[in-house]
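Structural description and commentary
What follows is each chain in one-letter form.
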Amino acid sequence: DIHKTGDISINGHLKVSTLEQMMYDKYGLNVQVWRKSGSIWLQTTSTDDWTLADQNRRGEEFRH
């Protein structure tokens, strides 16, 4: 059964690819992280090796 319960720990040091894989391994969910850049949402496929904190910083740069 791929539908499981339980907790995972998410923090800014986690790479996007690691989070996506953890969601699949733990819950059987295929997820894709997106980053808001200004008023548009960007799929992070080409930056999956970035940490979540890196993604947030890049998004913040285009917010101001």
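Here we summarise the structure given alongside this text. (Residues numbered from 1 in each chain as written. Predicted model: local features only at pLDDT ≥ 70, side-chain atom pairs only at ≥ 80, totals over all residues. Heavy atoms only, no water.)

Observations regarding the environment of Leu-14
Put simply, the test is: By definition, any uninterrupted DSSP run of H or I lasting at least four residues is a helix, any uninterrupted run of E lasting at least two residues is a strand, and each is numbered from the N terminus. Here, residues are in contact when the closest pair of their heavy atoms is within 4.5 Å.
Of note, Leu-14 is situated in the segment before helix H1 (16-27). Linking Leu-14 and Ala-53, residues 39 residues apart in sequence, is a C-alpha distance of 8.0 Å. Discounting chain neighbours no more than four positions away, the residues touching Leu-14 are Ser-9, Leu-19, Met-22, Trp-50, Thr-51 and Leu-52.

Some remarks on the layout of surface pockets
The condition that has to hold: Cavities and pockets are found on a 1 Å grid laid over the protein atoms alone: a cavity is a set of points where a 1.4 Å probe fits but cannot escape, a pocket is an open set with protein on both sides within 12 Å along at least five of seven lines, and a lining residue has an atom within 4 Å of such a point. Grid points are joined across faces, edges and corners, and a volume is the space filled by probe spheres set on the points. In this count, Pro and Cys sit with the nonpolar residues alongside Ala, Val, Leu, Ile, Met, Phe, Trp and Tyr, while Asp, Glu, Lys and Arg are called charged and the others, Gly among them, polar.
In this structure, the largest pocket occupies an estimated 200 Å³ of space. Taken together, Val-33, Trp-34, Arg-35, Lys-36, Ser-37, Gly-38, Leu-52, Gln-55, Asn-56, Gly-59, Glu-60 and Arg-63 make up the lining of the largest pocket. Mapped by element, the contributors of at least two residues to the lining of the largest pocket are strand E1 (34-37) and helix H2 (52-61). Tallied by class, the residues present in the lining of the largest pocket amount to three nonpolar, five polar and four charged.

Thoughts on H2
Heads up, the condition is: Three labels apply to residues, based on accessible area from a 1.4 Å probe with only protein chains included: buried if under 20% of the type maximum, exposed if over 50%, partly exposed otherwise in between. The arc under discussion is defined with respect to the helix axis, by the directions toward the C-beta atoms.
Looking only at H2, the buried set comprises Leu-52, Gln-55 and Gly-59. Considered in projection along H2, the buried side chains sweep an arc of 60° and stay on one side of the axis. Along its buried surface, H2 packs onto H1 and E1.

Comments concerning the pattern of salt bridges
Rules: What makes a salt bridge here is a side-chain nitrogen of Lys or Arg within 4 Å of a carboxyl oxygen of Asp or Glu, nothing more.
Summed over all chains, the structure comprises two salt bridges. Salt-bridge contacts for Arg-58 lead to Glu-61; the nearest nitrogen and oxygen are separated by 3.4 Å. Remark: Glu-61 and Arg-58 occur in helix H2; sequence separation between them is three residues, near one turn of the helix. Using a relative accessible area of 52% as the deciding quantity, one classes Glu-61 as exposed.

No statement about biological role is implied by the geometric values presented.
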